[in-house]
Amino acid sequence: MLNKFTDDYLDGLGCRDFAPRPKVSGRLSSYDGLLMEAVGLALPVGTVCAVGDGASRIEAEVIGFRGGKTLMMNLGGPAALLPNAPVRPIGPPGEAEVGAALLGRVVDGAGKPIDGLGPVRGAGKWPLAGKLQSPLDRGRVLEPLDVGVRAINGLLTIGQGQRVGIMAGSGVGKSVLLGMIVRAAQADVVVVGLIGERSREVADFLETKVFGAARTRSVVVAVPANHSPVLRIRGALRATAIAESFRAEGKKVLLIMDSLTRVAHAGREIGLALGEPASARGYPPSAIAMLPSLIERAGTCVSSGGSITAIYTVLADGDDGNDPVVDSARSILDGHIVLSRALGERGVYPAIDLGPSVSRVMTDIADKDHIHAARVLRRHLATYEENRDLVLMGAYRPGADPEIDAAIACHPAVMEYIRQGADEIVTLPDAVTELTGVFGDA
């Protein structure tokens with residue numbers, strides 16, 4: 001009787017599916033302040049590990065392998081690590097928290113909330129690297145997106161699902177233009193990735209650009225410049241993954257990333273640390289090759305009916321339009337908006353240089369009268385800029401060329417159309433009506 005009771009009792013306590021698993025652990029063999037080498041463990045790239053014990057414990061991510069050693073990069077600040085410190089995996093590679101639980105929240109590159117509102121509860125999961133789609137699963141861009149900026153709505157019309165770059169040197173007004181778009185964009189959800197920017201700009205962006213009603217429909221991923229390059233790249237991937245999850249629900253998503261260049265800089269740091277040879281302007285091939293895989297994740301989805309309209313800022317170092325990141329982004333994006341320092345110096349804001357700027361889908365989403373008026377304005381502006389020096393020197397005689405006369409007469413109206421206050425919102429119908437009313441009969 002006692003034996004039967006013991007057997008039944010022990011069988012009830014036992015777990016028939018239990019399978020013991022060894023605890024994976026390794027040792028730190030090398031650390032130079034950025035790149036770590038560990039021995040004694042083999043883990044997939046992207047796995048997050050805990051290095052060290054107690055107060056000196058930090059987190060690092062596996063980024064590669066070399067000579068039987070696992071290469072990792074620090075995800076935090078400096079740490080007092082010692083040789084042979086323990087290395088243990090603590091997280092699987094490549095998943096982001098997504099869903100409506102993130103609306104109104106601010107998270108860092110690791111997905112941890114930094115807004116003081118407590119943990120994110122009820123979030124779903126989505127691969128950081130995204131879900132690969134067939135090109136035929138992407139729909140055409142056929143519907144315009146109202147961004148509230150007169151010059152963009154009228155002359156560089158953006159479509160739902162388009163990828164656009166805002167290209168300029170430092171201090172020309174990229175962030176201000178982004179703020180205007182975030183406040184006025186007609187989108188269901190706005191995902192903002194502040195990657196590699198100044199910490200001051202993060203607080204400023206939240207308080208002046210994403211506030212009130214705009215905050216409740218926004219998700220912000222903030223990874224300032226003093227964070228690890230791995231975290232900066234994870235921040236860009238996380239922001240894109242969050243946008244993808246909302247698109248899968250059929251929503252119109254606006255993805256803002258400031259800036260794409262800082263993501264490439266992070267890729268350059270990692271590539272050089274891994275010993276990759278530097279090529280164009282010090283960028284290793286992997287840093288530039290990373291950009292298409294990130295940008296191509298935006299667009300429309302045929303199955304869900306949702307879309308990701310992506311706007312990336314691209315910093316032209318030294319105002320060089322042939323910078324490798326600028327040149328690569330220009331070839332991948334569906335349009336680019338170039339900001340001119342010369343226009344900014346003349347007090348024209350937003351300082352959009354219409355000559356080199358283009359929207360490659362505008363002909364598919366705008367009617368004929370709208371396109372005609374936009375071309376007339378562009379023609380007048382190009383004619384004026386070509387002959388600007390002659391006019392200013394007084395070397396041009398009025399009446400010598402009818403096109404130049406028309407360009408001079410229309411120039412004040414052109415500049416007035418481009419100018420817009422930072423707090424002003426001009427809807428797409430108003431921008432088109434004003435454009436066709438002034439330039440539609442020419």
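Basis of the calculations
- Residues numbered from 1 in each chain as written.
- Predicted model: local features only at pLDDT ≥ 70, side-chain atom pairs only at ≥ 80, totals over all residues.
- Heavy atoms only, no water.
- Phe/Tyr/Trp six-rings, centres within 6.5 Å; stacked < 30°, edge-to-face > 60°.
- Lys NZ or Arg CZ within 6 Å of the ring centre and 35° of its normal.
- Pairing = 2+ DSSP bridges.
- Helix = DSSP H or I, 4+ residues; strand = E, 2+ residues; numbered from the N terminus.
- Axes fitted to C-alpha atoms, helices over the stretch in contact; angles between N-to-C directions.
- Contact = heavy atoms within 4.5 Å.
- Buried < 20%, exposed > 50% of the residue type's maximum accessible area, 1.4 Å probe, protein only.
- 1 Å grid on protein atoms, 1.4 Å probe; cavity = no way out; pocket = protein on both sides within 12 Å on 5 of 7 lines; lining within 4 Å.
- Points joined across faces, edges and corners; volume = space filled by probe spheres on them.
- Nonpolar A, V, L, I, M, F, W, Y, C, P; charged D, E, K, R; others polar.
- Salt bridge = Lys/Arg side-chain N within 4 Å of Asp/Glu carboxyl O.
- Parallel < 35°, antiparallel > 145°, perpendicular 65-115°, else oblique.
- Left-handed = near helix turned anticlockwise from the far one by under 90°.

Engineer: Before we move on, can you summarise the packing of aromatic side chains with the specific residues and values?
Structural biologist: Within this structure, the stated rule accounts for zero aromatic pairs. Across from the ring centre of Y283, 4.5 Å away, lies the NZ or CZ of R268, which sits over that ring.

Engineer: Describe the sheet that holds strand β4 (residues 58-66), naming the residues involved and giving the relevant values.
Structural biologist: A barrel is described by the order of its strands in space; here six strands give the closed sequence β1-β2-β5-β4-β3-β6, paired in antiparallel fashion. Across the sheet, the axes of successive neighbouring strands diverge by a mean angle of 45°, strand direction being ignored. Pairing of strand β1 (residues 26-31) with strand β6 (residues 86-91), which is carried by two bridges, proceeds in the antiparallel orientation. What sits directly across from G26, in β6, is V87. Along the sheet face, helix α6 (residues 229-248) touches β3 (48-51), β4 and β5 (69-74) and points at about 90° away from the line of β4.

Engineer: Give a detailed account of helix α3 (residues 174-184), specifying residues and quantitative values.
Structural biologist: An α-helix turns once every 3.6 residues. As a result, residues three or four positions apart point the same way. Extensive coverage of α3 is indicated by the burial of eight of its 11 residues. Along α3, the positions that sit buried rather than exposed are K174, L177, L178, G179, M180, I181, V182 and A184.

Engineer: Give a detailed account of the pairing of strand β7 (residues 95-98), specifying residues and quantitative values.
Structural biologist: Here β7 shows a buried face lined by A96 and V98 and an unburied face lined by E95 and E97. Here β7 runs beside strand β9 (residues 124-127); their pairing, made up of four bridges, is antiparallel. When the bridges of β9 are listed, V98 appears paired with G124.

Engineer: Account for the layout of surface pockets, naming residues and giving values.
Structural biologist: Taken as a whole, the largest pocket spans an internal volume of roughly 570 Å³. Counting only elements with at least two residues in the lining of the largest pocket, the list comes to β4, α6, α7 (260-273) and α8 (285-295). Class assignment of the residues belonging to the lining of the largest pocket gives a composition of 13 nonpolar, six polar and four charged. The volume enclosed by the second largest pocket comes to roughly 380 Å³. Forming the boundary of the second largest pocket are 22 residues, of which R138, R163, E296, A298 and G299 lie nearest the centre. For the lining of the second largest pocket, the per-class residue count stands at six nonpolar, eight polar and eight charged.

Engineer: Before we move on, could you go through the pattern of salt bridges and cite the residues and values that matter?
Structural biologist: Should their charged atoms come close, side chains of opposite charge can pair. Scanning the model with the defined rule gives 21 salt bridges in all. The closest approach of N and O atoms between E37 and R66, which form a salt bridge, is 3.6 Å. You can see E37 sitting in strand β2 (residues 35-39) and its partner R66 sitting in strand β4, a full 29 residues away along the chain. Accessibility expressed as a relative area gives 36% for R66, which makes it partly exposed. Close ionic contact of E424 with R150 constitutes a salt bridge, the shortest N to O distance being 3.4 Å. In this pair, E424 is assigned in the loop between α14 (402-418) and α15 (428-439) and R150 in helix α2 (residues 150-155), connecting sequence segments 274 residues apart.

Engineer: Any chance you could break down the packing of α6 against α7 for me, citing the residues and the numbers?
Structural biologist: The geometry of α6 relative to α7 is characterised by a closest axis approach of 8 Å and an angle of 140° between their N-to-C directions. Taken together, the axis directions place α6 and α7 in an arrangement best described as oblique. For the crossing formed where α6 meets α7, the hand is left-handed. Each of P229, V230, R232, I233 and A236 in α6 lies in contact with α7, whose residues at this interface are R262, V263, A266, G267, E269 and I270. Per-class residue counts for the contact of α6 with α7 are seven nonpolar, one polar and three charged.

Engineer: How would you summarise unusual backbone geometry if you had to cite specific residues and measurements?
Structural biologist: The general pattern is negative phi for most residues beyond glycine and trans for most peptide bonds. Note the cis peptide between D258 and S259, where omega equals 10°. Looking at the secondary structure, you find S259 in the loop between β13 (252-258) and α7. Of note, the bond from Y349 into P350 is cis; its omega dihedral lies within 30 degrees of zero at -5°. With respect to the helices and strands, the residue P350 is situated in the loop between α10 (341-345) and β17 (358-359). Even without a glycine there, the phi angle at N84 is positive, about 65°. Here N84 lies in the loop between β5 and β6.

Engineer: Mind laying out the pairing of strand β11 (residues 189-195), listing which residues take part and the relevant values?
Structural biologist: Counting buried residues in β11 gives seven out of seven residues, a clear majority hidden from the surface. Burial along β11 is two-sided: the face carrying V189, V191, G193 and I195 and the face carrying V190, V192 and L194 are both buried. Relative to β13, β11 runs parallel, the two being bridged by six bridges. Pairing of G193 across the sheet is with M257, part of β13. With six bridges connecting them, β11 and strand β12 (residues 218-223) associate as parallel partners. Within β12, the residue paired with V191 across the bridge is V219.

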